[in-house]
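Summary of the model geometry
Below, each chain spelled out in residue letters.
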Amino acid sequence: MVRVTTPPAHPPQSPTAPPVPDRRTALRSGAALAAGTLTAGCSTTGAAAPPPTPTPTPTQPRPTDSHPATATPGDATATATATAPTPRAFPSQPAEITHGPRTRPRVALTFHGQGDPAIAASVLGEAEKAGARVTVLAVGTWLDEHPDIARRILDGGHDLGNHTLHHLDINSMPEADADAEIRGCADRLRRLTGSIGTWFRASRTARASPEVARLARRAGYPHVLSYDVDSLDYTSPGAPAVTRKVIGEVRNGSVVSLHFGYADTVTALPSLLHELDRRGLRAVTTTELLS
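Residues numbered from 1 in each chain as written. Predicted model: local features only at pLDDT ≥ 70, side-chain atom pairs only at ≥ 80, totals over all residues. Heavy atoms only, no water.

Before going further, it helps to examine the overall build of the protein chain. When helices and strands are counted, the protein chain shows 10 helices and 8 strands. Looking at the protein chain as a whole, 42% of its 291 residues are labelled buried. Residue pairs in contact within the protein chain that sit at least 24 positions apart in sequence constitute 80% of those at least 6 positions apart. Accessible surface, the protein chain as shown: approximately 15,700 Å² in total, 57% of it carbon and sulfur. (Helix = DSSP H or I, 4+ residues; strand = E, 2+ residues; numbered from the N terminus. Buried < 20%, exposed > 50% of the residue type's maximum accessible area, 1.4 Å probe, protein only. Contact = heavy atoms within 4.5 Å. Areas by Shrake-Rupley, 256 points an atom, 1.4 Å probe, with all protein chains shown as cover.)

Structure (structure tokens):
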């Protein structure tokens with residue numbers, strides 16, 4: 001009797017034939033391809049599934065970088081992301097500004113930033129209680145001694161500017177020394193706030209020389225800020241005399257020169273602000289005055 005053997009439906013592969021991928025291998029390859037496509041999609045803005053939060057890099061500021069007041073004073077890296085205002089050009093104004101528009105009932109009280117920081121804080125507090133904003137022109141060495149004051153000024157909504165590094169007679173200096181005075185203070189402001197400040201005022205003089213004005217422009221300040229009313233508070237004449245001097249000369253658009261370093265100024269400020277208000281004059285920053 002002859003036995004007949006039926007061949008199998010799927011004959012085994014020859015040992016020398018190339019392997020055919022089985023179902024498990026194909027599934028693994030498909031999963032890998034899909035994972036790659038999903039990763040590419042997540043890196044595109046608007047993807048349905050956002051990628052994991054990346055580790056912060058130098059080009060992605062950490063949350064603490066947005067609060068320069070908490071940074072170590074003098075740390076340029078920590079304060080570089082500050083958003084302090086920068087200088088602006090006012091095309092209708094001259095190179096040296098002594099006053100703002102005479103058509104609006106606004107005045108700018110500007111303070112030379114130097115002296116006891118407690119007096120400065122008191123002046124700022126009195127202004128803020130009255131709803132007033134001021135402009136502070138800071139001396140660079142004062143900022144070195146009291147670095148926190150820069151952020152205090154800005155946090156109060158006030159203007160902050162440059163009043164040279166050492167507060168010397170800048171008009172009488174050689175060009176290189178005058179340039180160093182302007183840039184030295186600008187560097188301190190930038191380090192503390194991220195900006196060179198909104199204004200520059202020449203030191204030990206009511207008006208800048210053409211040479212100093214040119215150096216200020218080269219350092220980044222389109223204008224020199226002067227004034228048309230001098231309070232003479234630095235002569236310590238007494239608070240009533242300071243108030244009388246200012247109120248007797250102030251008018252629409254005036255820029256008033258005052259100082260942080262004298263107790264008479266603190267004592268005079270409430271009555272001075274009251275008198276300005278009684279005459280319908282609002283104390284604003286110099287930037288607001290000219291805007």
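On we go.
With that settled, consider the pattern of salt bridges. Across all of its chains, the model carries 14 salt bridges by this definition. For Glu 126, the salt bridge is made with Lys 129, and the minimal N-O distance between the two is 3.5 Å. Separated by 3 residues within a single helix, Glu 126 and Lys 129 lie in helix H3 (residues 117–129), roughly one turn from each other. Assessed through its relative accessible area of 23%, Glu 126 is described here as partly exposed. One salt bridge connects Asp 155 with Arg 151, and the closest N-O pair in it is separated by 3.9 Å. Here Asp 155 and its partner Arg 151 are both found in helix H5 (residues 148–155), 4 residues apart, which amounts to about one turn of the helix. (Salt bridge = Lys/Arg side-chain N within 4 Å of Asp/Glu carboxyl O.)

Residue placement: Thr 285 occurs in the loop between strand E8 (282–284) and helix H10 (286–290). According to the relative accessible area criterion, Thr 285 is buried, its value standing at 4%. In contact with Thr 285, not counting residues within four places along its chain, are Ala 108, Arg 133, Val 134, Thr 135, Gly 157, His 158 and Asp 159.

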